[in-house]
Structure formats: C-alpha cells, structure tokens
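Residue-level structural notes
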Amino acid sequence: MIEAKDINFYYGDFHALKDINIKMDINTVTAFIGPSGCGKSTFLRLFNRMNDLIDKTRITGECIVQGENIYDKSIQVDQLRKKVGMVFQKPNPFPKSIFENVAYGLRVNDMGDKKIIAERVEESLIAAALWDEVKDKLKKSAFELSGGQQQRLCIARALAVSPSILLMDEPASSLDPISTSKIEELIHNLKKDYTIVIVTHNMQQAARISDMTGFFMMGELVEFSETKKMFLNPEKKETQNYITGRFG
Amino acid sequence: MKRIKRILERTIESILTVSGAVTSIAILLIVIFLFKEGLGLFKSPSVEKGYSLYVNSKNTVNDLDVEDIKHIYDSEVENWKELGGRDQEIKIFRFEEIFNIYSDEELGKDYSLLPEKLGEVIIQNPNIIAYLPQQYAPTDIQGVKALPSKDISIGDFFGGREWMPTATPSPLFGVLPLILGTLIVSIIAILIALPLGLGVAIYLSELAGERTRKLMKPTIELLAGIPSVVYGFFGLVVLVPIVQKVFGLSVGETAFTGSLILAIMALPTIITVAEDALRNTPRDMREASLALGATQWQTIYKVVIPYSASGISAAVVLGIGRAMGETMAVLMVTGNAAVMPHSLFEPVRTIPATIAAELGEAPAGGAHYQSLFLLGCILFVITMIVSITAEVISKKQLNKGV
Ligand SMILES: Nc1ncnc2c1ncn2[C@@H]1O[C@H](COP(=O)(O)OP(=O)(O)OP(=O)(O)O)[C@@H](O)[C@H]1O
Ligand SMILES: [Mg+2]
C-alpha cells in the first residue's frame, strides 16, 4: 500500500502541494488528472524521491511505501528507487544498446551474473511487449527504435529491477494512437504484478485504464475516488467542470 | 509584398550558399597551396641550386649522399677511405681560395679563365673536393669529375635524424627530431591536461554548487583567451627555473617544461568545452539513471560521460590541437634544439616552433622554404589524424556505450 499523509511541498517559496492525503492499494492502477501546473508530476515524483534532485525544495508530512516512511533518515534512496520504478513523459533511453538499456538497472545494482542478466532482460522485454520487435537487434543502439518502441524499452528498463510500484508520468503523451493503445494494453497487463500510479492529460485514457482517479487543482487533491464514479458522478463542482471540458 | 519577401528570401539563401562555397574553396586552395609548396622540396637538388661538387677523376668515389657531404664539411670524415675511396686525406677546396692562388689578371677578363684554372687545381690534387658555382665550373675538362647532383629524397626527409637547413654545401632536412619533439611535447601535455581537465569539468558540472560554478566558469574562460606569449613568458620566468631545480638539471628549458606549459594552456579549453558537453546531457537521462537506483557516480560515468562523448572528444581535439599547433610558448621554454630527443629533460624543438623561427630567414622558393611548408603539411596531417580518431571513438562510445 502507498499512502501520503498531510503532504506539503515547496519549491523555494512556492507552495506546490497542499495538505495531500491519499491511500492507494496494491495491484491497482491509480490515475492523476488535472490542469497543467497543478502539481501532478510533483506529487508523483515524491514517491521515488526524485524531487530531492531539485535545489531548494522542502517537504513536510509522510510518504509511506510498504509500511515505511520513505522520507525517514534511515531510508537508502537507491534501494527505494529500486522498489519504485519510474517511466518518464518523453522516452529517454540511454546512449547504449537495447540490451544494455534494459540491463542497466541490474548492473548498477549488482543483480546477478551474465546469465541471470540475459534472462532478466528477455523477461522484461517480453513483459513490456517489445521482445518480438527487438530480439534480433539487441546490440543495436536504442536510438534506432521508434518513439513508441523507445517508450516500451523504458518500461522494460524499469521492470528489469523488479520494482513493486511503477510511477508513470504521461507515458503516452508523445506517442501516436497505435503506440498509445499498446502502452495502455501493457499497463492493463502489468496491473496484476505491479502497483501503478500514472499521470495523464487524457481523460479517456484515465477512464480506460485506471481503477482509481485523483483530480488535482492548484496543488490540492480536490477529489479522489473510483474511476467510474469520478467520471459518471463526480462529487465536486470543479471536477465536474474539468471533466466536461469547461475548465483547463 | 509577398513577391518582394520571396525575392529577399531567395537572395539571402543564395548569399549563404555562395559564402559557404567560397569558404570551402578557400580552405581547399590553402591546403593545396601548402602541399604544392611543400612537395616541391623533393624536386630540389640536395646541394644548393647552381652549385655542384667536383673531384679529381682518378678519385674512385662516384657519388656522395647528403650525410656524407655534411660529414666531410664538418671534418667528421677526413679520409676518402671511409667513403669507399683510396686511402687519401680529404682536402676541402673552397671557391674563394682560387683568388689566393691566382691573381685577377691570370684569371682573365671577366674571369673567362676561371673554369680552366679551377680545373688545374683539381687535376693537381687527387684528394680534393671542391664546391663550385656551376657558372664557373670546370666542365668538359679532362681529369675533373662532377659528382652527380641528386634530388632530396623522401627517405632523407622523413628518415633523416638531423635538421640543419642552412648547412652548406648540402643542408640536412631530417625531420625526425622535429616530429618526435612535437609528439613527445604534445603527448605528455595531453597526458597531463586531459585527466585534470576532465576532472575539473566533471567537478564543475556535476558536483560544484551553483555559486562555485558561476564564479569559476568565467574565470576559466578568461584564461583561455590569454595570448600564448604571456604563457610563454610565465613559463620562462617561473616554470623553467622550477623544472631545473626540481629535477636537478643544467638547463630548465626541456621537453617536459614545454609539456607543462602546453598542458596549462590547453586546460581552460578542455575544461570549458567538456563542461558544456557534460551539462548538455538532458536532465531526463540523469533522472532515468537515478530512478533505477544508480548512484550519482554510476550515473556520471555510465550515462553522462557516454552521452557527452562527442562533446568531450571535441574538447580533446581542441586541446590536442592547441598543444600541437602552439608556437610561441613552446618556442620560449623548450630550448629549441633540433636534435633527436633522448629524454624528457633535454631541449627539443617542435614543428610549429621551427616554422615560426625559420620562415622569416628562409629565402622564398628555396629548399629550406619548401621544407618548412612540408613541415606545415605534416602538422596538418597529424592534426587531421587526431580529429578523425577522436570522431571515430566518440561515435563508437555513443552507439555502444560502456
Ligand atoms: N523545478 C521547479 N522549480 C520551481 N517550480 C517548479 C518546478 N517544477 C515545477 N514547479 C512548479 O510547481 C507547479 C507544479 O508543477 P508540476 O510539474 O507538478 O505540474 P503538472 O501538474 O505535472 O503539470 P503538467 O500537466 O503541465 O505536467 C507548477 O506551478 C510549476 O511551475
Ligand atoms: Mg507534469
């Protein structure tokens, strides 16, 4: 289970997240929607402590992942990041071969010998529905893949280190409709093994793939409920306006 | 309106095309000129133009190569025996000496009898060697033999171990000591500057705080703009005595001093270019690495450095380019001895320093002049090899990764 308790987050003086409380169950897909700049990415990046990399940021409250407050001093950030994988908005493969991209996380974490790595790379590529397209050119540069393939490679890369949670920040926003539907199908299949948190601007996408949906606005979590309910019968006026396109 | 705009765009387009073409052609012409002038050397005679060497026709030696000639005139070889001739002491005869033997009257009006008299001298002395202007040469005289004049050979140039372009009668254009001098000074300089420069670049781009970087970057960029004479002066006044003391040498002007000053000069370029390249790595890329549980160091050497490989190799090429092509500073601190370098702590001379020092006094079109152009060509080829190599390496890095 993932939980946020009274989270407040600041970029310098800017109060980006205000009193957020939320609980997400394992093996579910949670989608965050909301107008641009409302703090979705900021919130997502709290769970693998990516915001630590930005100067002058400050957080209060607790982020609990598998029973531990990940902002506790005893937490080792690289161990946490192994557990909580991330897929970014733009495909960002490393300047390496396809194989080495997927093997990267295994290598930096010393996870197994050559044979184990090769197996794990194959499993991950299969899980990311990319294996058939790349199995003959694993040694080729990752940059030779199409955008959609690159994004699935990035997903395979994240899966390789066997995380239990997968954070995805608009993973399909730079892709064409066919690639997008492949990713959506993939997310659907990954749900049984992973807990997925996804940020999206595409309302239909959120409706299609998620179990729960959270609506953010101006740094606040306005509404959080079952996806069906959210889209058919939202509680709040702001949510209603946003979903029906009268806002944003 | 629209038509005027289109015409304007067309004009700008053609101006750009033309200027691009002109620049490329100009560069090509410069290179062609360089090589044309330089390769002329191999058509020059190995003794000065208009002069020849003459011996007594009883002398069994039929030709001499440039090294032999030099040894004779340096009195290092004093007997014909050593050159495969008879056991006779070599007697060097200089053209001017004829005026001590014969009076102006005996030499005839307008020196018309000069060739004949020169011939007599040669006939009387079977062990003689005479270096004479062809204009007064004793040609067609029985008992006198002209040594065949040879062109300077490619082997003499690239294989020669002595650079004495102003030696008479036959200058020596052995370029080996200069090439070696250049390579040694540059390689050591790069070995010093590269790790240091990359280290500082990594520190600045990855580890230093915003304040430190804002302070250091402009300072370092400023250093890159200082004229090399100033560095040379610094080297002469500061480095030379230090090297002399630390290594207990009799002179401080050595190859190593040159390397040091070059390293210092190349550092700012390497640092700024490499730092720019490192910082150009997209934030996405670093975050992706960190998000997989990599440490900051793993991210730097497994992702950031491979990603910026082409920029880093540009830094290397620019650094090496500066080292190879640098003239003044090196001229000032290496002691400028065109001899085969045997150790790092001896004076050497580099190719650019040679060109700078000698081009002014080499008569245009002469062998010496041409040889300096050829040196330029060699430098050009070396730099080209370096940049091609760097290009290939960085391509490999980018494709394969580490
Ligand atoms: N590095 C940063 N420094 C300062 N302010 C930031 C930084 N990153 C984001 N912000 C601010 O925090 C707020 C939330 O940003 P965030 O990126 O989380 O929005 P978002 O909901 O993901 O928007 P989008 O849908 O456009 O991606 C924005 O107002 C933004 O200006
Ligand atoms: Mg965002």
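Everything numeric here is computed off the predicted structure, so don't read it as measured data. (Residues numbered from 1 in each chain as written. Chains lettered and ligands numbered in written order. Predicted model: local features only at pLDDT ≥ 70, side-chain atom pairs only at ≥ 80, totals over all residues. Heavy atoms only, no water.)

**Topic: the environment of A:Lys140**
Residue and element names in this part refer to chain A. Put simply, the test is: Where helices and strands are cited, they refer to DSSP runs of H or I of at least four residues and of E of at least two residues respectively, numbered from the N terminus. Think of it in three bands: residues with accessible area under 20% of the maximum for their type are buried, residues over 50% are exposed, and the middle band is partly exposed, with areas taken using a 1.4 Å probe on protein chains only. It only takes one pair of heavy atoms within 4.5 Å for two residues to be counted as in contact.
You can see lysine 140 is positioned in the loop between helix H5 (131-134) and helix H6 (147-160). Note on lysine 140: relative accessible area 42%, which makes it partly exposed. Linking lysine 140 and phenylalanine 88, residues 52 residues apart in sequence, is a C-alpha distance of 22 Å. In contact with lysine 140, other than residues within four places in its own chain, are Lys96, Ser97 and Ile98.

**Details of the pairing of strand E3 (residues 29-33) of chain A**
Residue and element names in this part refer to chain A. Condition: We treat two strands as partners when DSSP finds at least two bridges between them.
Of all five residues in E3, five are buried, a share of seventy percent or more. Going residue by residue along E3, you find Val29, Ala31 and Ile33 tucked away on one face and Thr30 and Phe32 tucked away on the opposite face as well. With four bridges joining them, E3 and strand E8 (residues 195-199) adopt parallel strand pairing. When the sheet's bridge partners are listed, alanine 31 is paired in E8 with isoleucine 198. Note: E3 against strand E9 (residues 212-217), four bridges, orientation parallel. If you follow isoleucine 33 over to E9, its bridge partner there is phenylalanine 215.

**So, the layout of surface pockets**
Where we set the bar: With a 1 Å grid spanning the protein atoms alone, the term cavity applies to any set of points in which a 1.4 Å probe fits but cannot get out, the term pocket to an open set with protein on both sides within 12 Å along at least five of seven lines, and the term lining residue to any residue with an atom within 4 Å of a point. Grid points are joined across faces, edges and corners, and a volume is the space filled by probe spheres set on the points. Note on residue categories: nonpolar means Ala, Val, Leu, Ile, Met, Phe, Trp, Tyr, Cys or Pro, charged means Asp, Glu, Lys or Arg, and polar means any other residue, Gly included.
By volume, the largest pocket is sized at about 700 Å³. Taken together, 21 residues form the lining of the largest pocket, with A:Leu53, B:Ser205, B:Glu206, B:Arg286 and B:Gln296 sitting closest to its centre. Elements with a minimum of two residues in the lining of the largest pocket: helix H6 (176-207), helix H7 (210-224), helix H10 (283-291) and helix H11 (296-307) of chain B. The residue inventory of the lining of the largest pocket, partitioned by class, reads seven nonpolar, five polar and nine charged.

**Structural notes on the nonpolar core**
Selection criterion: Definition of nonpolar core: a set of buried residues of the types Ala, Val, Leu, Ile, Met, Phe, Trp, Tyr and Cys, connected through side-chain atoms within 4.5 Å.
Core analysis: the biggest nonpolar cluster contains 86 residues, and A:Phe43, A:Phe47, A:Leu125, A:Ile155 and A:Ile196 have the highest contact counts within it. Excluding its chain neighbours within four sequence positions, the residues that come into contact with A:Phe43 are A:Ala4, A:Leu17, A:Ile20, A:Ile22, A:Phe32 and A:Phe216. Within the second largest apolar cluster, 47 residues are counted, among which are B:Trp163, B:Phe173, B:Ala263 and B:Ala338.

**Points about the domain arrangement of chain B**
Convention followed: Segmentation into domains, and thus their bounds, comes from an automatic or database assignment.
Domain parsing of chain B yields domain 1 (51-151) and domain 2 (176-401). Computed over C-alpha atoms, the centres of domain 1 of chain B and domain 2 of chain B are 51 Å apart.

**Here's the deal with the site of ligand 1**
Residues and elements named next belong to chain A. We count it as follows: By convention in this text, a residue qualifies as near a molecule or strand provided that one of its non-hydrogen atoms is within 4 Å of it. Counting of polar contacts relies on pairs of N or O atoms within 3.5 Å, with two restrictions inside protein: one atom must be capable of donating a hydrogen and the other of accepting it, and residues adjacent in sequence are counted only when both atoms are side-chain atoms. Each accessible area value is a Shrake-Rupley result obtained with a 1.4 Å probe; residue values ignore everything except the protein chains displayed when judging cover.
Around ligand 1, the neighbouring residues are Tyr11, Phe14, Ser36, Gly37, Cys38, Gly39, Lys40, Ser41, Thr42, Ile54, Glu170 and His201. The side chain of serine 36 places a nitrogen or oxygen atom 2.5 Å from an oxygen atom of ligand 1. For ligand 1, an oxygen atom lies 2.8 Å from a polar atom in the side chain of lysine 40. Protein chains bury 65% of the 630 Å² of accessible surface belonging to ligand 1 in isolation. With three residues, helix H1 (residues 40-44) is the largest single contributor of residues to the shell around ligand 1. Across the shell around ligand 1, the residue classes tally to four nonpolar, six polar and two charged.

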